[in-house]
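Close look at the chain arrangement
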Amino acid sequence: MEMQTCGKPVDTLMERVLSMNILASDYFRGLFRLKTYHEVIDEIYYQVSHVEPWMTGNCRGPSTAFCLLYKFFTMKLTVKQVQGLITHEDSPYIRAVGFLYIRYMAEPKTLWGWCEPYIKDPEEFSPGTNGKNTTMGNYVRDLLLGQYYFDSLFPRIPVLISRQIVSNLEALKLPTQPSGVAASADRRGADDSAARRPPSVKAALSVAFGQRAPHRASTRTGGSKDDKKSGSGGGSGAPKRTPERGDDRDKDRDRDRERDRERDRDRDRDRERERDRDRDRDRDKDRDRDKDRDRDRDRDRYRDRERESGRDGDRYRDRDRERDRDRGRDRDRDRDRDRERGRERSRERSRERGRDSRDRSGSRERIGEKEEKKNAVSEQLKKLRDLYGDGGSKKETQQSQGYRGKGDDEVIRLGGSTWK
């Protein structure tokens, strides 16, 4: 799992001058041969003897420790690897580089969580080249409280988080001001002038040997015109001290001091400008982030509205579909009812037709039976007439043609006698 970082680019974590010098140094370029985390740790163990950002003396290049620290920046260590750095037992400088990595790279709100278990660490070491020892706990506390580290600038900790760190230290009954061995609250707060970066070669010599660098006029191999006139040798004898030369040397020293002051002022101005630029960049980045957030919010709102409108459209479509389904169901029901009614009507018609056909057939049968009876009677009458002839009176003939009594049976009279 990667460590939670502040999110800044690697080349903006340190001061611009320091990072540019690290990238331009031959030693840092040679570190490309180191491919793994353990190889860099071994390089720290064998090569690092202090954790200052700059080399001391008249060499103004970046230190070995900070070149290796920048190498770690490019590797983007995981939480487990950073934990292995700050708990390493082989060298305190490996641990110091690990705490520097946390101070530069970690999210400010996670600094106390990383450093709290080691705020009282008793292991002693010398972070600078002056030989002054301090405990690892004091060193970690200086990293949390100080803004300047050996004349270099740390990333700014937000005020609220800084106050929380101070309150946590007060709760532990620990000092709330940096000790000044490695870090200080301001540029003039460090009590070790030798630990600061020398502004020039002369200043480096004065720091290393506790005196001003000699002027060029006093180091010439040949003597002056006055020396030649007085008979002194070229480079073998020391030049004769005269009041004029003493005044010249004092003037030269004053000029050198003034130049050094001007250089310091120029550097301070450059650093202030660089800080202002960094602040402006941070503000621009914050503004851009706010704009991006606003745009994202607007997009999210627009998408939510689109989704809501889409949902409303889906609801309306579902309602319309449901209505169409209900209407279709009603139509189907009406059709089914009409079909059922048509079937009932056809059944009734078929029943009526059957009844009519049955009635007609019954009436036909009855009519047929009557016709058959009449035909039978008429046949009998014809037979009787043929047998007996047309005798008798007209009245008898009428009687003989048919007589119907009370019943439906026909009565036939033959020869004056009556029979049925």
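In case you missed it, the structure is sitting above this.
Attention here is on the structure that accompanies the text. (Residues numbered from 1 in each chain as written. Predicted model: local features only at pLDDT ≥ 70, side-chain atom pairs only at ≥ 80, totals over all residues. Heavy atoms only, no water.)

So, on to the overall build of the chain. A count of helical and extended segments in the chain gives 13 helices and eight strands. Buried residues in the chain amount to 30% of all 420 residues. Nonlocal contacts in the chain, meaning residues at least 24 apart in sequence, comprise 65% of its contacts between residues at least 6 apart. Accessible surface computed for the chain: about 29000 Å², of which carbon and sulfur atoms make up 44%. (Helix = DSSP H or I, 4+ residues; strand = E, 2+ residues; numbered from the N terminus. Buried < 20%, exposed > 50% of the residue type's maximum accessible area, 1.4 Å probe, protein only. Contact = heavy atoms within 4.5 Å. Areas by Shrake-Rupley, 256 points an atom, 1.4 Å probe, with all protein chains shown as cover.)

In contact at an axis separation of 10 Å, helix α4 (residues 64-75) and helix α6 (residues 92-105) are set at 55° when each is read in the N-to-C sense. By the angle class used here, α4 and α6 are oblique. The way α4 lies across α6 gives a crossing that is right-handed. Between α4 and α6, the residues in contact are F66, L69, F72 and F73 and V97, L100, Y101, Y104 and M105, respectively. A class-by-class count of the residues in the contact of α4 with α6 yields nine nonpolar, no polar and no charged. (Axes fitted to C-alpha atoms, helices over the stretch in contact; angles between N-to-C directions. Parallel < 35°, antiparallel > 145°, perpendicular 65-115°, else oblique. Left-handed = near helix turned anticlockwise from the far one by under 90°. Nonpolar A, V, L, I, M, F, W, Y, C, P; charged D, E, K, R; others polar.)

Before going further, it helps to spend a moment on the pattern of salt bridges. Within the structure shown, the criterion is met by 39 salt bridges. For R279, the salt bridge goes to D276, with nearest N and O atoms at 3.4 Å. Here D276 and R279 lie together in helix α12 (residues 243-388), a separation of three residues that amounts to about one turn. Taking the relative accessible area as the measure of exposure, R279 reaches 42% and is therefore partly exposed. Looking at D276, the relative accessible area reads 34%, which means it is partly exposed. Note that R303 is salt-bridged to D300, the shortest N-O span being 3.7 Å. In this pair, R303 and D300 both sit in helix α12, three residues apart, roughly one turn of the helix. If you follow the salt bridges from partner to partner, you end up with E274, R277, D278 and R281 in one network. (Salt bridge = Lys/Arg side-chain N within 4 Å of Asp/Glu carboxyl O.)

Next up on the list: a negative patch on the surface. A grouping of E39, D42, E89 and D90 is seen on the molecular surface, where their side chains present a negatively charged patch. Mapping D90 onto the fold places it in the loop between α5 (79-86) and α6. (Patch = residues over 30% accessible without salt bridge, like charges linked within 9 Å, V, L, I, M, F, W, Y side chains within 5 Å. Lys, Arg positive; Asp, Glu negative; His and termini not counted. Charge placed at Lys NZ, Arg CZ, Asp CG, Glu CD.)

Buried within α5 we find V82, L85 and I86. Axial view of α5: buried residues confined to an arc of 90°, hence all on one face. Elements that come into contact with the buried residues of α5 comprise α3 (37-47), α4, α6 and α7 (111-115). (Arc of directions from axis to C-beta.)

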